[in-house]
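# Structural overview for review
One letter stands for each residue in the lines below.
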Amino acid sequence: MFIQGGIFEEYIYWLIEDNFDFDQVMFNVKIEFDFKVLNEFDVLMIKDNHLHVIECKLRKSVAGEDYVYKLDSVIDYLDDDGKGMIVAIGGDNDRLTDSGNAKRSFSLGAKARARSADILIHHSKIF
């Protein structure tokens, strides 16, 4: 889990820090929205006083709709002009489980919601 979480998030952090001109980049940030209501953000970036968010997932299957919903629901709370991105590496969008059931990471509805909320999805099987 440490590789799927902390190390992957730090890797994305350093890619951004070394290759882009953001005012500030942070990873593994916890923000308290209300008393005892915490949200964890994998990567936050500030540019020209606008906050942008990246959600990092390094696993074979992700609940894409949940991550789109999470970013859509909090990004406007953080910054009206902020943008979001989901980086999901490690599996196909459509796959079969070991028991033969079909599973989809990002449905057409989740992708449409992401587009309307200005959330970019980068989903790849290969790192």
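Provided above is the structure to which this section pertains.
Our subject in this report is the structure included herewith. (Residues numbered from 1 in each chain as written. Predicted model: local features only at pLDDT ≥ 70, side-chain atom pairs only at ≥ 80, totals over all residues. Heavy atoms only, no water.)

## A short note on the overall build of the protein
On a plain count of helices and strands, the protein comes out with three helices and seven strands. Moving toward the C terminus, one meets the helices and strands of the protein in the order α-β-β-β-α-β-β-β-α-β. Against the 2.2 N^0.38 benchmark of 14 Å for 127 residues, the protein shows a C-alpha radius of gyration of 15 Å, consistent with a compact globule. Over its C-alpha atoms, taken along the principal directions, the protein stretches across nearly 45 × 30 × 30 Å. The buried share among the 127 residues of the protein stands at 36%. A sequence separation of at least 24 residues applies to 56% of the contacts in the protein between residues at least 6 apart. Accessible surface for the protein amounts to roughly 7900 Å². Of this, 53% is attributable to carbon and sulfur atoms. Computed over 15 positive and 23 negative side-chain charges, the inter-centroid distance for the protein is 9 Å. (Helix = DSSP H or I, 4+ residues; strand = E, 2+ residues; numbered from the N terminus. Rg over C-alpha atoms; globule rule 2.2 N^0.38 Å. Buried < 20%, exposed > 50% of the residue type's maximum accessible area, 1.4 Å probe, protein only. Contact = heavy atoms within 4.5 Å. Areas by Shrake-Rupley, 256 points an atom, 1.4 Å probe, with all protein chains shown as cover. Lys, Arg positive; Asp, Glu negative; His and termini not counted. Charge placed at Lys NZ, Arg CZ, Asp CG, Glu CD.)

## A look at the sheet that holds strand β3 (residues 50–58)
Taken together, five strands build an open sheet; the order of strands is β1-β2-β3-β4-β7 and the sheet is mixed. A strand with exactly one partner marks an edge of an open sheet, and here the two such strands are β1 (24–34) and β7 (119–124). Sheet twist, expressed as the average angle between the axes of neighbouring strands with direction ignored, equals 30 degrees. With six bridges joining them, strand β4 (residues 84–89) and β7 adopt parallel strand pairing. Bridge pairing in β7 places I89 opposite S124. (Pairing = 2+ DSSP bridges. Axes fitted to C-alpha atoms, helices over the stretch in contact; angles between N-to-C directions.)

## Concerning the environment of R104
Position of R104 among the secondary structure elements: in strand β6 (residues 102–104). Under the relative-accessibility criterion, R104 is labelled partly exposed at 48%. The sequence separation of R104 and S61 amounts to 43 residues, and the corresponding C-alpha distance is 8.1 Å. Not counting the four nearest positions on each side in its chain, R104 is found in contact with N93 and D94. A polar side-chain atom of R104 sits 2.5 Å from a polar atom in the side chain of D94. (Polar contact = N/O pair within 3.5 Å; in protein donor to acceptor, adjacent residues only side chain to side chain.)

## Here's the deal with the pattern of salt bridges
Counted by the stated rule, this structure contains eight salt bridges. With a closest N to O distance of 3.3 Å, K70 and E55 form a salt bridge. With K70 in helix α2 (residues 64–78) and E55 in strand β3, the pair connects residues that are 15 residues apart, well separated along the chain. Note that K125 is salt-bridged to D92, the shortest N-O span being 3.7 Å. You can see K125 sitting in the segment after β7 and its partner D92 sitting in the loop between β4 and β5 (94–96), a full 33 residues away along the chain. Its relative accessible area of 37% is what places D92 among the partly exposed residues. Put simply, D42, E55, K57 and K70 are held in one network by salt bridges that share partners. (Salt bridge = Lys/Arg side-chain N within 4 Å of Asp/Glu carboxyl O.)

## Focus on the side chain of S61
Locating S61 in the fold gives a position in the loop between β3 and α2. On the basis of relative accessible area, S61 is assigned to the buried category, the value being 19%. Apart from the residues lying within four places of it in its own chain, the contact partners of S61 are R95, K103 and S105.

By themselves, these are just geometric observations and shouldn't be taken as functional.
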